[in-house]
Amino acid sequence: MSDFTLKEINKIDQLETKEDIWDVVSYINETFRNAVEIWISDIHIEPTEHFILVRFRKDGDFFLYDKIWARNTSAIVTRLKVLSKVKIDENKKPQDWKIVYVYEKEKKNIDIRVSTLPTKYGEKVVMRILKQDASLTNLEALWLIEVNLEKVREALKSKYGIILISGPTWSWKSTTLFWILKSFNPLEYNISTLEDPVEYDIEFVNQSQVKPEIGYTFATWLRTLLRQDPDIIMVWEIRDKETAVLAVEAALTWHLVLSTIHTNSATSTIQRLVNMWVETFLIASAMKMVISQRLWKRICSNCKEIYTPKEVELKKAKKILEPILDKDSLENLVFYHWKWCEVCSWTGYKWRLWVHEVLIVEDYLEPMILEKASANEMQDEAVKHGMVTIVQDWLLKALIWETTIEEALKLI
Ligand SMILES: [Zn+2]
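Residues numbered from 1 in each chain as written. Predicted model: local features only at pLDDT ≥ 70, side-chain atom pairs only at ≥ 80, totals over all residues. Heavy atoms only, no water.

S.K.: Kindly report on the nonpolar core, identifying the contributing residues and their values.
M.R.: Ranked by size, the top nonpolar core spans 69 residues in total, and within it Ile162, Ile180 and Leu359 carry the most contacts. When residues of this core are assigned to their parent elements, the largest contribution, seven residues, is made by helix α7 (residues 241-252). Formed by 29 residues, the second largest nonpolar core is a distinct cluster that contains Ile52, Val77, Tyr101 and Val125. (Core = buried A, V, L, I, M, F, W, Y, C linked by side-chain atoms within 4.5 Å. Buried < 20%, exposed > 50% of the residue type's maximum accessible area, 1.4 Å probe, protein only. Helix = DSSP H or I, 4+ residues; strand = E, 2+ residues; numbered from the N terminus.)

Rendered as structure tokens:
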């Protein structure tokens, strides 16, 4: 448990001055932990004539965190520089860098952006904690099961590579793309999009509309965009070889490229790129993740009831779920069905639901891509490496009341 209290800024006299910090490593670590736990956005470390003031900014307001004798300034600043591997002996110029703080409790890496400014009494340090609460909500809106949500979050930490959303027409691929895009803080990156058409406005994101009739195709715009120093590029759709090749090249030159593609499974997406004659070694090094998805009807929550599946349905379901569920859960599968009611207009279904397959392109896939393995072969290998298939995901969602077993089994 943390044993600190935040004090209001006008109570500075009541805050005791800490003599010396003997263990600066633990002190910094504890400060980060405290800040993360109470959702602080910024930490300010300010040297004054007699002491260092440590302030937290929370929801826009400053609070006092700590007051330490001034002689500790260099130890604290040096420790921060060591953490981020910047020049330790540089204290005359402002510096910007990033620290990755490992938050043990939730086993998460949290990026902290650090900026220093030399002042009369030493270097002032401001740290922005890039824990984006809004982003978590956004990604959660995608209905990803926990294991997939973790994979997506992890992949989105990459600074380069291609992330593709695949699915048939009307699987709302672009909606997923937008939720993902919104999980980045646009002020931390240069984000540019090429859309057709521009559907949603996102603040601080440079959105452009392609105009093929006057020669502004995805490919021509993508070339122009690359001269705009982008970090993240969203291309509405990869339809042709030219766009595919440019996207892959952009991804390999330190850009994160997000796009959609019209395919039926995660591994067939890779095959599609191969079929577009994009060089296999480029695909193997550029691809980071494919999220394949379907949009389907969600069961009406008003009239759903427990359903006893037919023996043949249950047998199929068990076979599909066997690799990912333990014995106990397999013996106690509970499914649901609907009755029909007014709320669902007598259809049994209300609103929609996504099911997914998340493929992380890791080393084991590389030789398969190079050898142009079939989508099925890659799929088998991906399953061995922990990929939850779309049918498994669908059945898992049937188990949490969101859809029915017969809908899930329609997929096979
Ligand atoms: Zn109903």
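Here the narrative resumes, following the displayed structure.
S.K.: Give me the lowdown on helix α1 (residues 24-37), citing residues and values where you can.
M.R.: Compared with the 20 Å implied by 1.5 Å per residue over 14 residues, the 20 Å span of α1 between its first and last C-alpha is a close match. Buried within α1 we find Val24, Tyr27, Ile28, Thr31, Phe32, Asn34, Ala35 and Val36. (Expected span 1.5 Å × (residues − 1).)

S.K.: I'd like a rundown of the domain arrangement of the protein, residues and numbers included.
M.R.: A common way to report how large an interface is uses the accessible area buried once the components associate. In terms of domain boundaries, the protein breaks down into domain 1 (7-129) and domain 2 (135-296 + 355-388). For domain 1 and domain 2, the distance between their C-alpha centres works out to 37 Å. The interface of domain 1 with domain 2 comprises five residues on the first partner and four residues on the second. Between domain 1 and domain 2 the total buried area reaches about 420 Å² when both faces are included, carbon and sulfur atoms providing 32% of it. Ionic pairing is found between Arg113 and Glu188, a salt bridge with its closest N-O pair at 2.8 Å. Counting every contact that joins domain 1 to domain 2 gives one residue pair in polar contact (both at pLDDT 80 or more). The leading source of residues in the side of domain 1 that touches domain 2 is strand β6 (residues 108-119), at three residues. Partitioning the side of domain 1 that touches domain 2 into residue classes produces no nonpolar, one polar and four charged. (Domains from an automatic or database assignment. Contact = heavy atoms within 4.5 Å. Buried area = accessible area lost by both parts, 1.4 Å probe. Salt bridge = Lys/Arg side-chain N within 4 Å of Asp/Glu carboxyl O. Polar contact = N/O pair within 3.5 Å; in protein donor to acceptor, adjacent residues only side chain to side chain. Nonpolar A, V, L, I, M, F, W, Y, C, P; charged D, E, K, R; others polar.)

S.K.: Tell me about α7, and name the residues and values.
M.R.: Taking 1.5 Å as the rise per residue, α7 with twelve residues should run 16 Å; its terminal C-alpha atoms sit 16 Å apart, in good agreement. Residues of α7 that are buried include every one of Thr243, Ala244, Val245, Leu246, Ala247, Val248, Ala250 and Ala251, and no others. Tucked into the core, α7 has its buried residues touching β8 (161-166), α6 (218-225), β11 (232-235), β12 (256-261), α8 (266-275) and α9 (280-286). Where α7 begins, the capping side chain belongs to Asp240, and its oxygen is found 3.2 Å from the backbone nitrogen of Glu242.

S.K.: I'd like to hear about the pattern of salt bridges, residue by residue, with values.
M.R.: The full count for this structure, using the stated rule, is 19 salt bridges. With a closest N to O distance of 3.5 Å, Glu242 and Arg223 form a salt bridge. In this pair, Glu242 sits in helix α7 while Arg223 sits in helix α6, placing the two residues 19 residues apart along the sequence. You can call Arg223 partly exposed: its relative accessible area is 40%. What emerges from the salt-bridge pattern is a single network uniting Glu46, Arg55 and Lys124.

S.K.: Please set out the packing of α8 against helix α13 (residues 375-384) residue by residue, giving values where relevant.
M.R.: Orientation of α8 relative to α13, taken along the N-to-C sense of each, is 140°, at an axis distance of 8 Å. If you check the angle between α8 and α13, you find them oblique. Remark: the crossing between α8 and α13 carries right-handed chirality. Of the residues in α13, those in contact with Thr267, Ser268, Ile270 and Gln271 of α8 are Ala375, Met378 and Gln379. Residues of the contact of α8 with α13, tallied by class, amount to three nonpolar, four polar and no charged. (Axes fitted to C-alpha atoms, helices over the stretch in contact; angles between N-to-C directions. Parallel < 35°, antiparallel > 145°, perpendicular 65-115°, else oblique. Left-handed = near helix turned anticlockwise from the far one by under 90°.)

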